[in-house]
Amino acid sequence: MNTAARTFSLLTWLLLAGCGQSNSGTTPTSNSSPAALSKVPVGIAVAQTSNVALLGQEEVAGAKIAERYFNQRGGINGTPIKLVFQDTGGDEAGTINAFQTLITKNKVVGIVGPTLSQQAFAADPVAERAKVPVLGPSNTAKGIPQIGEYVARVSAPISVVAPNAVEAALKINSKIKRVAVFYAQNDAFSKSETEIFQQTVKQRGLELVTVQKFQTTDTDFQTQATNGINAKPDLVIISGLAADGGNLVRQLRELGYKGQIIGGNGLNTSNIFPVCKTLCDRILIAQAYSPEYKSKINTAFRSAYRDQYKKEPPQFSAQTFAAVQVFVEALQQVNQKTKINELPLAELRAKLNQQLLTGKYNTPLGEISFTPEGEVVQKAFYVAQIKMDADGSNGKFVFLK
Ligand code: 1QQ
């Protein structure tokens, strides 16, 4: 590259990194140009619109708190990070689009996202082919880290999280025998989660009295709820997403179901409160995060979240914070060996991917690390129970001891 071209490419980098998404009119540099960064662009590809935004908006919140937190502490050895947000919407096509934009246009060093496993199975291969590291903040289905070398996750697999909720239900009511399971058959995570729940039920010697299927786009669950209730369960387990899951809970209760309900990870948000209101009360949900976890970084994260949102931070915010943290701390490590703004982007992405898999991170989720395949290694899990106010206008997650 001649001097004029190189200067142009550096300017383009500065513009790209400084202005986030607004890079119209500039010619993107090639991936082999030096990554002369005034800010290090990290992509956030989560659902900001559609029903999936009920989950994704908590991820945006966690990412923004992380950006502020780490930049206040010097970013990558003096160079701040700049989060570049691309909305995936709720489907696969939107996610592939968001990934492509982040990779080729915004030239991010890595991507945190997407919200759903269903979206990850479609879009992560795009990042894999482009050799751009992806950190799943909330992809819990079986098979995510196996998508490729550049795919890892901070979200513990549902196989280690979900059984805790069944254990908690049995602790609350040891008489539980008959279990009805409901799952969204058009969602990869829900299918993966229900397999784990169904296995757990059998391993515990409980009776699986019915399995009912629905779609995440459904709003009317009369048929499934009636079938479920007719099987006389004393425990109902739901694997779906927030809007459908919340509606199913509401309709089960309206039709008279009085027993315990376990909600899966897709219901793990206070955004279901407006859907099932007082009828959300008592739902049990397993957690990969507790706001009460004692550590310096969780105390800082928790108070930043509470200052802004006047409630306890939810799991998805904590997981997304942790994903940004992993990128930041891995970039700091890479930078100690070779200054990151002297590295061509393709090399930086490759080094970042290698580095992040080898580190240990003291996150709000506790200390985490990764297997060589990119599976998160995490120690502590929890179960919370929803407690709604009498008028159903608000509620909270109460962590069980
Ligand atoms: C997945 C999930 C989602 C329900 C979390 C937002 O766990 O899709 O894997």
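In the annotation of an unreviewed UniProt entry, the entry for the chain reads Branched-chain amino acid ABC transporter, amino acid-binding protein, and the organism field reads uncultured Synechococcales cyanobacterium.

Re the environment of serine 270
Checked against the element boundaries, serine 270 lands in the loop between β9 (260-263) and α10 (273-276). When its relative accessible area of 17% is taken as the criterion, serine 270 is described as buried. Sequence-wise, serine 270 and glycine 395 are 125 residues apart; in three dimensions their C-alpha atoms are separated by 7.5 Å. If we ignore the near neighbours within four places in the chain, the residues touching serine 270 are Glu58, Lys311 and Phe397.

A short note on the sheet that holds strand β3 (residues 111-112)
Here five strands make up an open sheet; going across it, the order is β2-β1-β3-β4-β5 and the pairing parallel. Single-partner strands in this sheet number two, and they are β2 (81-85) and β5 (151-153). In terms of strand pairing, β3 meets strand β4 (residues 134-136) through two bridges, oriented parallel. In the sheet register, valine 112 faces β4, and the bridge partner there is leucine 135.

A look at the state of the cysteines
The tally for this structure, following the rule as stated, stands at one disulfide. In this model, cysteine 276 is linked to cysteine 280 through a disulfide, with the two sulfur atoms separated by 2.1 Å. Sign of the S-S torsion, about 105° for the bond between cysteine 276 and cysteine 280, identifies this disulfide as right-handed.

Quick word on the packing of aromatic side chains
For the coordinates displayed, the defined rule picks out 11 aromatic pairs. Plain terms: the ring middles of phenylalanine 70 and phenylalanine 321 are 5.5 Å apart, the flat faces sit at 45° to each other, and that makes the pair tilted. With phenylalanine 70 in helix α2 (residues 53-72) and phenylalanine 321 in helix α12 (residues 315-337), the pair connects residues that are 251 residues apart, well separated along the chain. The same class applies to phenylalanine 70 and to phenylalanine 321, which are both buried. Between tyrosine 361 and phenylalanine 370, the aromatic rings sit 6.1 Å apart at their centres with planes inclined by 65°, giving edge-to-face as the arrangement. Above the plane of the ring of phenylalanine 85 lies lysine 64, whose end atom (NZ or CZ) is 5.4 Å from the centre.

Notes on the pattern of salt bridges
Throughout the structure, instances matching the rule amount to nine salt bridges. Residue arginine 178 is joined to glutamate 207 by a salt bridge in which the shortest nitrogen-to-oxygen separation is 3.7 Å. Placement of arginine 178 in strand β6 (residues 178-184) and of glutamate 207 in strand β7 (residues 207-214) is noted, with a sequence separation of 29 residues between them. A single salt-bridge network, built from bridges that share partners, covers Arg302, Arg306 and Glu312.

Quick word on the sheet that holds strand β12 (residues 366-370)
Taken together, the three strands give an open sheet; going across it, the order is β11-β12-β13, and neighbouring strands pair in antiparallel fashion. The outermost strands of the open sheet, each flanked by one partner alone, are β11 (361-363) and β13 (376-377).

Re the nonpolar core
Counting 100 residues, the largest nonpolar core has Ile238, Leu356 and Phe370 as the members making the most contacts within it. Counting residues per element, this core draws most heavily on α12, which supplies 12 residues. Judged by nonpolar contacts, the second largest core, of 13 residues, contains Ala98, Leu102, Val126 and Ala127.

Things to note about unusual backbone geometry
Cis peptide bonds are those with omega within 30 degrees of zero, and the linkage from glycine 113 to proline 114 qualifies with -10°. The topology assignment puts proline 114 in the loop between β3 and α4 (117-130). At lysine 232, a residue that is not glycine, the phi angle is positive and equals roughly 50°. Within the secondary structure, lysine 232 sits in the loop between α8 (222-230) and β8 (235-239). Assessed through its relative accessible area of 60%, lysine 232 is described here as exposed. Here lysine 310, not a glycine, exhibits a phi torsion of approximately 60°, which is positive.

Topic: the pairing of β8
Counting buried residues in β8 gives five out of five residues, a clear majority hidden from the surface. Strand direction decides the pairing type here: β8 and β9, joined by four bridges, are parallel. Looking across to β9, one finds that isoleucine 238 is bridged to glycine 263. Between the parallel elements β8 and β9, the chain passes through helix α9 (residues 242-254) in a crossover that is right-handed.

Structural notes on the environment of isoleucine 297
Secondary-structure assignment places isoleucine 297 in helix α11 (residues 296-309). With a relative accessible area of 9%, isoleucine 297 lands in the buried category. Measuring from C-alpha to C-alpha, the distance between isoleucine 297 and leucine 365 comes to 9.5 Å, with 68 residues separating the pair along the chain. When sequence neighbours within four positions are dropped, the list of residues in contact with isoleucine 297 reads Tyr69, Phe70, Phe321, Gln325, Asn362, Thr363 and Pro364.

About the thresholds
- Residues numbered from 1 in each chain as written.
- Predicted model: local features only at pLDDT ≥ 70, side-chain atom pairs only at ≥ 80, totals over all residues.
- Heavy atoms only, no water.
- Helix = DSSP H or I, 4+ residues; strand = E, 2+ residues; numbered from the N terminus.
- Buried < 20%, exposed > 50% of the residue type's maximum accessible area, 1.4 Å probe, protein only.
- Contact = heavy atoms within 4.5 Å.
- Pairing = 2+ DSSP bridges.
- Disulfide = S-S within 2.5 Å.
- Phe/Tyr/Trp six-rings, centres within 6.5 Å; stacked < 30°, edge-to-face > 60°.
- Lys NZ or Arg CZ within 6 Å of the ring centre and 35° of its normal.
- Salt bridge = Lys/Arg side-chain N within 4 Å of Asp/Glu carboxyl O.
- Core = buried A, V, L, I, M, F, W, Y, C linked by side-chain atoms within 4.5 Å.
- Right-handed = clockwise from strand over helix to strand, strands pointing away.

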